[in-house]
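Below, each chain spelled out in residue letters.
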Amino acid sequence: MTEASVTATTTTREVATAAPTFQPPGLLRQVQMMVWRNLKHTRRQPEMLTDVTIQPIMFVLLFAFVFGGSIRTDSGSYREWLLPGIMAQTMAFASFIVASGLNMDLDKGVIDRFRSLPISRGSVLIGRSVYALIHSSIGVFVMSMTGLAIGWRIRNGFGNAVLAFALLLLFGFAMIWFGILIGSSMRSVEAVNGLMFTTIFPVTFLANTFAPTEAMTPWLRSIAEWNPISALVQAMRELWGNVPPAPPSASWPLQHAVLVSVGWSLLITAVVAPLAIRAYVRRTAG
């Protein structure tokens, strides 16, 4: 072997040794990138925020000033009684956001492009879930400011206030898994919107969100009071000091609203999350 060959071989080895090896980012960094991607879409298309800015304000004002005068509650103010219900409805609709967004990415082949990258498949779901919570939390903040402007108050201290908002976010996290399941199972955004509207919309009204359950027929009242949203709304109202504890005639879930609200959120997550993951894996397989 000539001296030139030895030199060339040595140089090649040195370059190969010195060349940096690519390390894919960790899961946390991957999730951050996915969240940032969705936030950039919102920044470029601010009209995507209308459902958590304009719509909540419209709901608060319409129900407070149009229907509030004819609805009797166990609270001194219907406006204070109303706000927790609208917040729970907004968080339930967080499933809409993740379902339609995920289905759109699947339909346009965006997920296929992500699969070609050295990133975890789970980072896509986690990133979109975190974004959905951020998106819905904007609506809760807007409604809180609107409620404060029209007379809603938190009367039971900082700790109970934080607990109520934590219950709201926990329920939103559970509903996001439902959105992932529907978004992965349906074949078009139109189908997703149709199914989500016909399921989530009635559930949010068949509860104590906008009107008391005492005036309902007995069988309908039982359904409404065992609705997971009713427990969440009752828990927030009690924690914020907007209503007294549930009357003896109320169903068991409303008598133990905080505990039941946590239980419902964990149960929905435990049942729906495995189904959602399986549907997503099946949809992205191949």
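Residues numbered from 1 in each chain as written. Predicted model: local features only at pLDDT ≥ 70, side-chain atom pairs only at ≥ 80, totals over all residues. Heavy atoms only, no water.

**Details of the nonpolar core**
Quick note on the threshold: For the purposes of this section, nonpolar cores are sets of buried Ala, Val, Leu, Ile, Met, Phe, Trp, Tyr and Cys residues that join through side-chain atoms within 4.5 Å. Three labels apply to residues, based on accessible area from a 1.4 Å probe with only protein chains included: buried if under 20% of the type maximum, exposed if over 50%, partly exposed otherwise in between. Under the DSSP-based scheme used, a helix requires at least four consecutive residues in state H or I and a strand at least two consecutive residues in state E, with every element numbered from the N terminus. Throughout, a residue-residue contact means that at least one pair of heavy atoms, one from each residue, lies within 4.5 Å.
Counting residues in each nonpolar core, the largest one holds 64 residues, and the members touching the most others are Met87 and Ile180. In terms of residues, this core owes the most to one element, helix α8 (residues 158-185), which gives 12 residues. Among all residues touching Ile180, those that are not within four sequence positions of it are Val98, Leu102, Leu125, Ser129 and Ala276.

**What to know about the environment of Leu169**
Mapped onto the fold, Leu169 is located in helix α8. Considering only alpha carbons, one finds Leu169 and Ser222, 53 residues apart in sequence, at a separation of 25 Å.

**Thoughts on a nonpolar patch on the surface**
What counts, and what does not: Every patch collects residues that have over 30% relative accessible area and no salt bridge, joining them within 9 Å if they carry like charges and within 5 Å if they are nonpolar side chains (Val, Leu, Ile, Met, Phe, Trp, Tyr). Shrake-Rupley sampling with a 1.4 Å probe provides the accessible areas, and residues are treated as covered by the protein chains on show and by no other component. Note on definitions: salt bridges are taken to be side-chain nitrogens of Lys or Arg within 4 Å of carboxyl oxygens of Asp or Glu.
Among the surface-exposed residues, Ile54, Ile57, Met58, Leu61, Leu62, Phe65, Val66 and Phe67 lie close enough to one another that they form a single nonpolar patch of about 720 Å² accessible area. By the secondary structure assignment, Met58 is in helix α3 (residues 54-67). Since its relative accessible area comes to 46%, Met58 is described here as partly exposed.

**With respect to the pattern of salt bridges**
Pairing is possible between side chains that carry opposite charge, provided their charged atoms lie close to one another. Here the structure, examined in full by the defined rule, presents 4 salt bridges. Ionic pairing is found between Arg155 and Glu80, a salt bridge with its closest N-O pair at 2.4 Å. Within this pair, whereas Arg155 is found in the loop between α7 (121-150) and α8, its partner Glu80 is found in helix α4 (residues 78-92), the two being separated by 75 residues in sequence. Salt-bridge contacts for Arg128 lead to Asp105; the nearest nitrogen and oxygen are separated by 2.7 Å.

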